[in-house]
There are 2 protein chains.
Amino acid sequence: MKSFLPNFKSNQGQVIQHQGLRIIPLGGVGDVTKNMYIYEYGRDIIIIDCGVGFPDEAMLGVDLVIPDISYLKDKVDRIKAIIITHPHDDHIGGLVYIWPELKCPIYATKLAVGFIKNKFNEAKLPKDPIHIIDPENKLNLGAFGISFYRVSHSVPDSVGIVIDTPGSRVIHQSDFKLDWTPIIGKPTEIAKIARFSEDGIDLLLIDALGSEKKGYNEPEINILPTFKKIEEETEGKILLTTASSNISRIQMAINVASDAGRKVALVGRSMESNFQVARDLGYLHIPPGIIIAQEEVKRFPDNKLLLIIAGSQGQPGSALSRVANNDHKHVFLKKDDTVIFSADPIPSTETAQHALIDKLAKMGVDVRYKEMEDALHVSGHETAEEIKMMINIIRPKALVPIGATYRGMIAFSKLAKDLGYTEKQILLAEDGQIINLVSGVSRLEGRIDVRNIYVDGLGIGDVGNVILRDRKVMSEEGIVLVIVPVDSHTSQLVGEPDIVTRGFVFEREAEEMLSKARSVVRSCLADHPNAILDWRFTRSHIEENLDKFFFEELHRRPMILPLIVEV
Amino acid sequence: MKSFLPNFKSNQGQVIQHQGLRIIPLGGVGDVTKNMYIYEYGRDIIIIDCGVGFPDEAMLGVDLVIPDISYLKDKVDRIKAIIITHPHDDHIGGLVYIWPELKCPIYATKLAVGFIKNKFNEAKLPKDPIHIIDPENKLNLGAFGISFYRVSHSVPDSVGIVIDTPGSRVIHQSDFKLDWTPIIGKPTEIAKIARFSEDGIDLLLIDALGSEKKGYNEPEINILPTFKKIEEETEGKILLTTASSNISRIQMAINVASDAGRKVALVGRSMESNFQVARDLGYLHIPPGIIIAQEEVKRFPDNKLLLIIAGSQGQPGSALSRVANNDHKHVFLKKDDTVIFSADPIPSTETAQHALIDKLAKMGVDVRYKEMEDALHVSGHETAEEIKMMINIIRPKALVPIGATYRGMIAFSKLAKDLGYTEKQILLAEDGQIINLVSGVSRLEGRIDVRNIYVDGLGIGDVGNVILRDRKVMSEEGIVLVIVPVDSHTSQLVGEPDIVTRGFVFEREAEEMLSKARSVVRSCLADHPNAILDWRFTRSHIEENLDKFFFEELHRRPMILPLIVEV
C-alpha cells in the first residue's frame, strides 16, 4: 500500500472549543455506503463504523472510495476507539486503509471481530487492537459511556449503540430489520431499546435506506420452503449464490442440503473465508461430514451436491462469473444443474447481475432469480413501518436519517412528519456537516471539508479529479499524440511532426484524415515560425486547431497531447 | 456522416438457392433493442424494422449500435421495402444510418412516418421513399403479401404484421400490450388477428420482453387519477417527464392541465418535435390557447403551469438534467414545485435516473417517482398472461421469441411449454441465425456473421474492438508515454528518454516513482546498446519492464506507449 494521505503524526493539536456533543458524518449521509461518524465531546472522540464506498460511473478505474479523515489529522491522540455496528464492507471495509493512520482500539461483536481480523491478516496489520464487545456490558471511553442492544440484520450479531455523554443520550441505529424468528442470533431487542429510552433520548441517528419500502419485511425463514422446493426440482447439482457475509442464508442452504443428502462445498475466496470464521466462532451448525472441499466436487454425483458460491452481484472475476465463463478449475455446469440467485442486485450492480443471469440462461442451466421465483431473498434493511416502530419506541427529541441517498432522506422526512415530528426536529445532514447537541437541542451548525478519497490499486488518495477527468476523456474519445521534435539549442523544428493515436480511430482506415491532421500541425508551426520558443503557446495552438479539425471531421473530441521533444 | 460500412454498390449478386422462406434476425434476439429482421423468399427480400441499440458499459464512447447489414451487401436490388412496426428508436433509429446504403421504400403507419420524416429531415435525407400504410389495406411486395392489424403500445398506431408467401403465413408481432381503453387509437385488434389465423399460422415471431412479468397490465387511463391528485397537491408548477414518444401520456397531462387552468409548455428538443408531429397529424386534442412556448413560462404564475419535459431516464444534457443543474435558459425550480417521473428506468439507465431524482430531491422540490407513488407509469410491453392470450388466439405451429434478452427467451420458453408447445416448436434464435420455413416446418439452420456496428460521433463502423480495448485500459489505468529520441541516421539515443502520463498518477506527487521509471527505461536501452536498431524489440522490452515496475509499485497496469522519435 502507498498512502498519499496527509501526515498523521500524533501531536497535541488545539482543542476546538465547543459545548456539548458534536457529531460529524464523514460518510454515509446522502449516500448508502462509506459509513463513518465522529462523536466528539470535550477532548474525547469516538468513531462509529469505518466503511468503504463503491465507485460510481464517473470514478473510472477506482477500486474503492474511503472517508476523508483530514479532520482527525491533529486529533489522533484524542480518539478513544472505533466502534463497529456490524461487519458489512460499507461499515468495516475502510479499516485496513484508515486504521494505520489512527492506531486506536477497535470494538466489535464476536463475528465482526472475526471478519475484521481476517482483513487485518490479509493486510498484514496487527490484530491486538481489535476487541470483542459483549452487548450486555457497558463500555467506558473517556467522557463516553457506550451501551449496546442487538438488532436483526442480514449478518448476525449486529448492534445498535447507545451513547451517553454528560447531559445527553444519543442512539446510533445503523442497518436493522425486524425478524422475530432469526435463523442465527436474537431478534431486535425492542424491550431493551424501550428501557434505554425511558429517561428520554436527545437524538436518534437511524438508517433510512428502507424509507421508500412499504409494509414490513418477511422473516428470513420464509425462504426455506423455496430452497426446499428448488432442491426437489433439481436433478443435477445446485449452485446457490448470496452475499458471503449472509451466514443465516448459508446455514439454511446447509440445512436443505443435509435433509436431501447433498454434500456442500463453499466456492469463492470471500465465501470460504467468511464461512471459516463463522464456523470457527460457533455461529454455524454443521452436520458432520457434509462439507467437502471444492477439489472434491468431481468425486460426487451431481444430484448429491450443493455449492454455495460467491459472486451474487455478477462481480467480474468472482467464482460464479468464472463458472459462467467455463473458466473455473473445479466447477462446471451441466444441463440439469440449477443456479439460485438468493440476492437482489444493489443499485450499481444491476447491469452486471443481469448479464450474468443472461449468460447462465444461455448455457442452458435452470436459473432461479427474483423475477422468476418468489421468496428467494429478503432484504436485510428496515422498511418504512419498521422505522416508524423504532421511532415510536425511542421517541427521540430529534432525528438524523443515515445510510441513505438524499431521496431516501426526503422519504424518511415525510414519514417522520407523519409521526408528528416538525421540520426542525429532522436534521438532513450532508457528509461533513456538523450536528451540535447542546442542552438537549440538536442543530446543524457549520461543516468541515470532506472529499472523496479514492483507492486505486495500491495507491490511497493519489487519484484525484484531474486524473479522473483525463480518464473520462480518453475512455470516450481516445488520445491523439502530436510529436514535435525540436533542436534543444536552436529550438528549430528537426524532422517532421508525427501523430500517434490510441482509442480514437482505426489508423489504417483513417490515413487520409490523419495526413490532413498532420498538415494542420505543420501549418500551426509555420504560422508562428519563431513562436516555437514559446512552447506553451505552440502547444495550445496545436491543441485548439486539431480539436476543431477532429470535431468537424468526426464530431469527436479526443485528448490532444502535443509533445515537444528536445534533442 | 462518415460511413465506414462495406461498399454497397447495387450489383447482380448470386442468389443463394434456398427453398421456402428464410428469416434472419440481424438484431433484436438475445437483446431488447437493435431490432431488424430480414425476410427472404426466392429473389425477394423485405425487412421489418431498423432500430438502434444502446451501448453497454464495455462500449466506451460509443453513441449507438446499429445492425450489421453486410449480408445485404450484394442483395440491395432485391430489397422490396423496409416495414416499420412502431416508431420507437430501437425499431426506427437505424434508418438514418442504414437507409442510405439500401435506398429502398419505407412503409409505416401515419405517426411513424411523421417521426421518421423528422429524423430524415435532420439527417438531410430525402423523404419521398417514406410511405404511409393504411392498416386496413394489403401491401404486395414481390412474393410477399403484407397485411396489418393494430396493437396497443406506448406509442399510438403500432401494428402487427401478417406475412404471406406462397405456401406459408407468418405473423411478426413486435412490442404490444392489451389496453381496452387506450387514450389514443384503437385497442389491440384481437378479432382481426383471430381471422388472420383461421387457416393456420406457420410461425409467430413475438415480443418476449414481458415473459417474466406476471398477470396483466393496468390500462393507461389508470394513471389519470394520480396525475389529477398530484396536480391538486401542487402549489407551484408541475414538471412532468416521460418518454417523448408517449403521445397518450402527453395527452393525459394536457387534459389534467386544462381542467386545472394550467398552461402547458413542451420542453426539450425531442419532446417539442414529437409533440409537433403528433399535433400536426391530428393525434392530439389540444384546447385552444393552452400551449405556450418555453420562453413564455416566466410570464405565468407557477400554479398556472405544467411543463412536459424530456429527460425521464436521466440522460445527461437532457432538458430535465439541465434544469436540475440550474443550467436551463427558461426553467428554474422553486420549493413549491413538483417533478413527476412518469417513466420507469430501463435497465441501463437505472443509475442515471436515480442520480437525477436524488439531485432534484436535494434541491428541495417535491419529487414523485415509482417507489413513492403508485400508478405513475404503466409499461408499454405485454405481460406473461398477455403473451399467452396472443399465442392462444394465433395458435401458430412454431414460435420465435424476439425483443428480449436470453433469460427472457428462456422465460418465454417455459411459458410456451405450459401452453403445450414442445422444445422443437420453440426456436431460440441468436442474431444472425437463419430460420428456414419449408412446407410448414420452421427450423434453425446455419447462420450468417453479424457483428456490432458502432456509431461514434460522425463515424459509422470505424470504431472496432481494438479501439474499445484501448479506451478501456486508458479509462481504468491511464496512459504512460515513453519518449525515446534517436538519431535517424545512426539510430543512436540523442538526449534523455522522458516519461509523460495522463490519467495514471498525479505527476507532481509521484515524482520519485516516475524518476525510478525513467531509470527502468534507461536500463532497458542500456541492456541492448545495439538493439535500438530493432525498434519492435526495444519497444516491447520497455513495455514489459515498465508494466512490471508499475504493477509492483502501484498494482496498476496503464497503457504503455514507447515513442521512438527519429530526428
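Residues numbered from 1 in each chain as written. Chains lettered and ligands numbered in written order. Predicted model: local features only at pLDDT ≥ 70, side-chain atom pairs only at ≥ 80, totals over all residues. Heavy atoms only, no water.

A look at the relation of the copies chain A and chain B
Expressed as a screw transformation, the operator carrying chain A onto chain B has a rotation angle of 180° and an axial translation of 0.0 Å, and the superposed copies differ by an RMSD of 0.1 Å. One copy is carried onto the other by what is essentially a two-fold rotation axis. The C-alpha atom lying nearest the rotation axis in chain A is that of A:Ser475; the distance is 2.3 Å. Of the interface residues in chain A, 98% have counterparts in chain B that sit at the interface too, so the contact is made through matching surfaces. (Least-squares fit on C-alpha atoms with pLDDT ≥ 70 in both. Contact = heavy atoms within 4.5 Å.)

Topic: the sheet that holds strand 11 (residues 144–151) of chain B
Residues and elements named next belong to chain B. Sheet architecture is open: six strands sit in the order 10-11-12-13-14-21, paired in mixed fashion. Looking at which strands have only one partner, the edges of the open sheet turn out to be strand 10 (139–141) and strand 21 (399–402). The sheet shows a mean angle of 20° between the axes of neighbouring strands, direction not considered. Relative to strand 12 (residues 158–165), strand 11 is paired through seven bridges, and the arrangement is antiparallel. Counterpart to Val151 in the pairing with strand 12 is Ser158. Against the sheet, helix 10 (residues 384–394) contacts strand 11, strand 13 (168–173), strand 14 (203–207) and strand 21, and its axis sits at roughly 165° relative to strand 14. (Pairing = 2+ DSSP bridges. Helix = DSSP H or I, 4+ residues; strand = E, 2+ residues; numbered from the N terminus. Axes fitted to C-alpha atoms, helices over the stretch in contact; angles between N-to-C directions.)

A look at the interface of chain A and chain B
Contact with chain A, which involves 65 residues of that partner, is made by 64 residues of chain B. For the chain A and chain B pair, buried surface summed over both sides reaches about 5,900 Å², with 59% attributable to carbon and sulfur atoms. When the area that chain A buries against chain B is broken down by residue, the three leading residues are A:Arg407, A:Arg502 and A:Arg556, summing to 11%. The interface formed by chain A and chain B includes 12 salt bridges. The partner of A:Asp366 in a salt bridge is B:Lys414, with the nearest N and O atoms 3.3 Å apart. Our count for the contact surface shared by chain A and chain B stands at 22 residue pairs in polar contact (both at pLDDT 80 or more). (Buried area = accessible area lost by both parts, 1.4 Å probe. Salt bridge = Lys/Arg side-chain N within 4 Å of Asp/Glu carboxyl O. Polar contact = N/O pair within 3.5 Å; in protein donor to acceptor, adjacent residues only side chain to side chain.)

Overview of the sheet that holds strand 8 (residues 106–108) of chain B
Residues and elements named next belong to chain B. Strands sit in the order 9-8-7-5-4-2-23-24 across an open sheet of eight strands; the sheet is mixed. Each of the sheet's edge strands pairs with one partner strand only, and the pair in question is strand 9 (130–132) and strand 24 (441–447). Strand-to-strand, the axes of this sheet are offset by a mean angle of 25°, without reference to chain direction. Examined bridge by bridge, strand 8 and strand 9 share three bridges and lie parallel to one another. Bridge assignment links Tyr107 to a residue of strand 9, and that residue is His131. Its contacts with the sheet put helix 2 (residues 95–102) on strand 4 (36–41), strand 5 (44–48), strand 7 (79–83) and strand 8, and the angle it makes with strand 7 is roughly 165°. Helix-sheet contacts for helix 3 (residues 110–122) involve strand 8 and strand 9, and the interaxial angle to strand 9 is about 160°.

Brief notes about the packing of helix 2 of chain B against helix 3 of chain B
Residue and element names in this part refer to chain B. Across the interface, helix 2 lies against helix 3 with an axial gap of 10 Å and an inter-helix angle of 80°. Put simply, helix 2 runs roughly perpendicular to helix 3. Across the interface between the two elements, Leu95, Val96 and Trp99 of helix 2 pack against Ile116, Lys119 and Phe120 of helix 3. Considered class by class, the residues forming the contact of helix 2 with helix 3 number five nonpolar, no polar and one charged. (Parallel < 35°, antiparallel > 145°, perpendicular 65-115°, else oblique. Nonpolar A, V, L, I, M, F, W, Y, C, P; charged D, E, K, R; others polar.)

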